[in-house]
Structure formats: structure tokens, C-alpha cells
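Here's the letter readout for the chains.
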Amino acid sequence: YTLKKLVYICSPLRGDIERNIIKAQGYCREAVELGVIPIAPHVYFTQFLNDLIPEERKIGMELGIELLKKCDEVWVYGIQNPSEGMKAEIELAKELGIPVRDAVEVYQSPPERWLAR
């Protein structure tokens, strides 16, 4: 059995929160189809934390950072125009030596092993 990569899904939440969560759910599904385990805290934590309440947003961001630290890669959706939260996640990943990838490039040329079933 081969362990699958844990991939942090970095995409915006603020703005149209409901729409952005739905988009992130789609990104997770696509990641699963490429054979990785997606970690998208903004999909999970928004089920029980309210991003519009500053204290709860702060908790969600801190929990997300802890998950990011355990991931093998970060896939960024909207790398050309990242939100403030995304910028912080990207910087942390770089500091920790975790590869940061533009999600568009991931889907344009996924490694063959990801497509093998």
C-alpha cells in the first residue's frame, strides 16, 4: 500500500463565502481524482466556526495552519491574486520547505502515477 500525499487546498474564503466553499469542495474532488488526500480547512472548519466572527475566524486560521504544517504540498487556486489568508499560508509553506504549486499547472500536467488507478 502506498501512502497518498496530503495536499493543502489553498483558495479564497472571504467575499462570497458560500460560493467559495462550494468551489473549494470542487477543488477537493478534483484532487481526490488525482489520487491525493485534499486538506481544505475552510471547507471543514466553516461547518462549526463562523468566519464572520473575528475570534472564530482567528481560531479557524490557526487550526488551518496546524494542518498545513502536516501536508506534503500546497496547491494554490488563484495564485495570481491570493487573499490575505492565502498569502500567509503560502509564506508559511515556503518557510517550512513545503512545495507550493499553482493548481492550474497541476491539472495541466499531473504526474502519471497520480492518474494510475
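Here, every reference points to the structure presented above.
The structure reproduced in this document is the subject of the present report.

The rules we used
Each chain carries its own residue numbering, running from 1 in the direction its sequence is written. Side-chain atom pairs in this predicted model are given and counted only at pLDDT of 80 or more, local residue features only at pLDDT of at least 70, and totals for whole chains, interfaces and linings cover all residues. Working from all heavy atoms in the structure, the side-chain values ignore hydrogens and water. For our purposes a nonpolar core is just a set of buried Ala, Val, Leu, Ile, Met, Phe, Trp, Tyr and Cys residues, chained together by side-chain atoms within 4.5 Å. Type-normalised accessible area, obtained with a 1.4 Å probe on protein chains alone, sets the label of each residue: buried when under 20%, exposed when over 50%, and partly exposed for intermediate values. In this text, helices come from DSSP runs of H or I with a minimum length of four residues, and strands from runs of E with a minimum of two, each type numbered from the N-terminal end. To estimate the expected span of a helix, subtract one from its residue number and multiply by 1.5 Å. Our arc is simply the arc of the directions from the helix axis toward the C-beta atoms. Classification of ring pairs rests on two measures: the distance between centres of Phe, Tyr or Trp rings, Trp counted by its six-membered ring, which must be within 6.5 Å, and the angle between planes, read as stacked under 30 degrees, edge-to-face over 60 and tilted in between. Axis angles are defined between N-to-C directions and span 0 to 180 degrees, where every axis is a line fitted to C-alpha atoms and, for a helix, only to the segment in contact. Any angle that is under 35 degrees is reported as roughly parallel, and any over 145 degrees as roughly antiparallel; angles of 65 to 115 degrees are reported as roughly perpendicular and all others as oblique. The sense of a crossing depends on the near helix, which, turned anticlockwise from the far helix by less than a right angle, makes the crossing left-handed and, turned clockwise, makes it right-handed. Any two residues having at least one pair of non-hydrogen atoms within 4.5 Å are treated as being in contact.

What about the nonpolar core?
- Counting residues in each nonpolar core, the largest one holds 14 residues, and the members touching the most others are Ile9, Trp75 and Tyr77.
- Counting residues per element, this core draws most heavily on helix α1 (residues 17-33), which supplies four residues.

Focus on helix α4 (residues 84-96)
- In a regular helix each residue adds 1.5 Å, so 13 residues correspond to 18 Å; α4 covers 19 Å between its end C-alpha atoms and thus fits that length.
- Taken residue by residue, α4 has Gly85, Met86, Glu89, Ile90, Leu92 and Ala93 as its buried positions. Along α4, the residues classed as buried sweep out an arc of 165 degrees about the axis, all on the same side. Seen from the open side of α4, the exposed residues pointing more than 90 degrees away from its buried face are Glu84, Lys94 and Glu95.
- Trailing α4 by a residue or two, Gly97 shows a phi angle of about 75 degrees, which is positive.

Some points on the packing of aromatic side chains
- Counted under the stated rule, the structure contains four aromatic pairs.
- Ring geometry for Tyr44 versus Phe45: centroids 5.1 Å apart, planes at 50 degrees, classification tilted.
- Exposure remark for Phe45: the relative accessible area of 10% places this residue in the buried category.
- On the numbers, 5.8 Å between centres and 80 degrees between planes, the contact of Phe45 with Phe48 is edge-to-face.
- Here a set of aromatic residues connected by ring pairs shows up, and it is made of Tyr44, Phe45 and Phe48.

Brief notes about the packing of helix α3 (residues 54-68) against α4
- At their nearest, the axes of α3 and α4 sit 11 Å apart, and the two run at 30 degrees to each other. One way to sum up the angle between α3 and α4 is to call them roughly parallel. Along this stretch, α3 crosses α4, giving a crossing that reads as right-handed. Two secondary-structure elements touch here, α3 through Met61, Ile65 and Leu68 and α4 through Gly85, Glu89, Leu92, Ala93 and Leu96.

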